[in-house]
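Report on the structure
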Amino acid sequence: MRIVLQPAARSDKDVNQHYKDTIATPVSLADHADLLTPDVHARLKELFPNGAAQMWGIVPGKKNVNIPWVTKMNPGDFALFSGDKKIYFGGTIALMWRNEALAERLWGRNHNDQTWEHMYALSGTQGLEITVEEVRQLLSWKPKRNIQGIYVLDQDSSDTLQAYLTLEPSIAYTGSTPLPDPQEDATAAVGFDGELERTAMRAYRGEQAALKRHLLPGPTGACALCGRVLPATFLIAAHIKKRAVCTDDEKRDFTNIAMLACSLGCDSLYERGYVTVADDGRIQISPLAEAMPGIHEHIQQYLVGRTVSWWSGDREPHFQWHRTHTFKPGPPA
């Protein structure tokens, strides 16, 4: 999965109208079936059985300047929408196609008489609140670099940004994919001769053990999120703010940087952004969880309506980081 940076400043009235027309209000497939080719229509219906999809498009640009970037984009990549010095929205590119007539119907034409004919549909969309300054620092960009024009990050930068924002791919049409070769996997496993236990990992495990002892002095404890009292083996010392971006002082602040979360579901839900903690301690639920039956059932049974007793003013800055960087809110209206 690579990251596609899509400039789309909503302070521009035309961009904002396009966003309202085809992102905030998903496009009805039936209403535009007359302009969709049969194969694209069929794939869209398969991907979006509710009959509507969020769509966006890219103009060719002067002298086709955008085409090289379009050719680097693929279903399964993650598009991040940016504007006004922040990244505010994103989702998986579920399908790509070219359709000048449909693009013109949806968005009209720009001042160069071009339309956004290189189209794509999005799945698993979510709101975001990340400043461009954070992206600059994370990817070691030059101090004044901005997101201007469609751009596809290389794999290393994509992996870095994906991990930082806990981006998870959603449904996408990628054509037929061959099944993995079990013999090849077995050979690779047997042939691995790298270092299995690294010094950094041992130090990290030592830190985690000390952190857990600080949070859980006895044989049992309560999960900060669901509240269930469990044996220590089922509880994890979970960082409230992602450890990779904590300062050394924050990592050493055992009292405020972490909480106990159970391995029966709550730790993964928090780590992946399907739940977070509001600024009054209440648990917030991502709307994306509703489309995941098993996840939704767990949340409904154990987390809905709960207030986290671990929340405090000292821990709030870390919870706030999680809300704006990891939690998956719905797309902005």
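As the structure is a computational prediction, the values presented were derived from the model and not from experiment.

What follows covers the packing of helix α5 (residues 132-139) against helix α6 (residues 155-165). It is the contact of α5 with α6, at a shortest axis distance of 10 Å, that shows an interaxial angle of 125°. Between α5 and α6, the interaxial angle falls into the category oblique. Along this stretch, α5 crosses α6, giving a crossing that reads as right-handed. Contact residues: α5 offers Glu-134, Leu-138 and Leu-139, while α6 offers Ser-157, Thr-160, Leu-161 and Tyr-164. Of the residues assigned to the contact of α5 with α6, the class counts are four nonpolar, two polar and one charged.

Next up on the list: the pairing of strand β11 (residues 258-262). The buried fraction of β11 is high, at five of five residues. By the bridge criterion, five bridges tie strand β10 (residues 235-239) to β11 in an arrangement that is antiparallel. Directly across from Ala-238, in β11, lies its bridge partner Met-259.

Let's shift gears to the sheet that holds strand β3 (residues 52-58). In space, the seven strands of this open sheet follow the order β2-β3-β6-β5-β4-β1-β7, with mixed pairing throughout. Both outer strands of the open sheet, β2 (27-28) and β7 (151-152), are each paired with one neighbouring strand and no more. Sheet topology places β2 next to β3; two bridges connect them, and they run antiparallel. Bridging from a neighbouring strand, Ser-28 pairs with Ala-52 of β3. Helix-sheet contacts for helix α1 (residues 13-24) involve β2, β3, β5 (86-98) and β6 (118-131), and the interaxial angle to β3 is about 150°. The strands that helix α2 (residues 38-47) touches are β3, β5 and β6; relative to β5, the one it contacts most, it runs at about 135°.

Let's shift gears to the confidence of the model for the protein. Do not read the predicted coordinates in detail wherever pLDDT is low. Summarising the model, the protein shows a mean pLDDT of 90, and 91% of its residues fall at 70 or more. Scored below 50 in pLDDT, residues 176-192 shows one contact in the model against residues more than four places distant or in partner chains. The low-confidence segment residues 195-201 (pLDDT under 50) makes two contacts with residues lying over four places distant or belonging to another chain.

Turning our eyes to something else, we now look at the side chain of Ser-286. Looking at the element boundaries, Ser-286 is found in the loop between β13 (283-285) and α12 (293-302). Those residues in contact with Ser-286, other than ones at most four positions away along the chain, are Gly-273, Tyr-274, Phe-327 and Lys-328.

This brings us to the state of the cysteines. Note: disulfide means a covalent bond formed between the sulfur atoms of two cysteine side chains. Overall, the coordinates contain zero disulfides when judged by the stated rule. The thiol of Cys-223 is not disulfide-bonded; the next cysteine sulfur, from Cys-226, is found 3.7 Å away. Of all cysteine sulfurs in the structure, the one in Cys-266 sits closest to Cys-262, which takes part in no disulfide; the separation is 3.7 Å. Among the residues examined, Cys-262 registers a relative accessible area of 0% and is labelled buried.

Here we take up the nonpolar core. Membership of the largest hydrophobic core comes to 33 residues, with the highest contact counts inside it found for Leu-225, Met-259, Tyr-270 and Leu-303. The set of elements that each furnish at least two residues to this core consists of α8 (199-215), β10, α10 (254-257), β11, α11 (266-271) and β12 (275-277). Among the elements that line this core, the one with the most residues is β11, at four residues. Formed by 20 residues, the second largest nonpolar core is a distinct cluster that contains Leu-47, Phe-48, Ala-53 and Trp-116.

Let's shift gears to helix α4 (residues 100-107). For α4, every residue scored as buried is listed here: Leu-102, Ala-103, Leu-106 and Trp-107. Within α4, the buried residues cover an arc of 105° as seen down the axis, which keeps them to one side. Near the N-terminus of α4, the side chain that reaches the backbone nitrogen of Ala-101, with its oxygen 3.3 Å away, is that of Asn-99. In the segment just after α4, Gly-108 is the residue with positive phi, at about 75°.

Rules and cut-offs
- Residues numbered from 1 in each chain as written.
- Predicted model: local features only at pLDDT ≥ 70, side-chain atom pairs only at ≥ 80, totals over all residues.
- Heavy atoms only, no water.
- Axes fitted to C-alpha atoms, helices over the stretch in contact; angles between N-to-C directions.
- Helix = DSSP H or I, 4+ residues; strand = E, 2+ residues; numbered from the N terminus.
- Parallel < 35°, antiparallel > 145°, perpendicular 65-115°, else oblique.
- Left-handed = near helix turned anticlockwise from the far one by under 90°.
- Contact = heavy atoms within 4.5 Å.
- Nonpolar A, V, L, I, M, F, W, Y, C, P; charged D, E, K, R; others polar.
- Buried < 20%, exposed > 50% of the residue type's maximum accessible area, 1.4 Å probe, protein only.
- Pairing = 2+ DSSP bridges.
- pLDDT = per-residue confidence, 0-100.
- Disulfide = S-S within 2.5 Å.
- Core = buried A, V, L, I, M, F, W, Y, C linked by side-chain atoms within 4.5 Å.
- Arc of directions from axis to C-beta.
- Polar contact = N/O pair within 3.5 Å; in protein donor to acceptor, adjacent residues only side chain to side chain.

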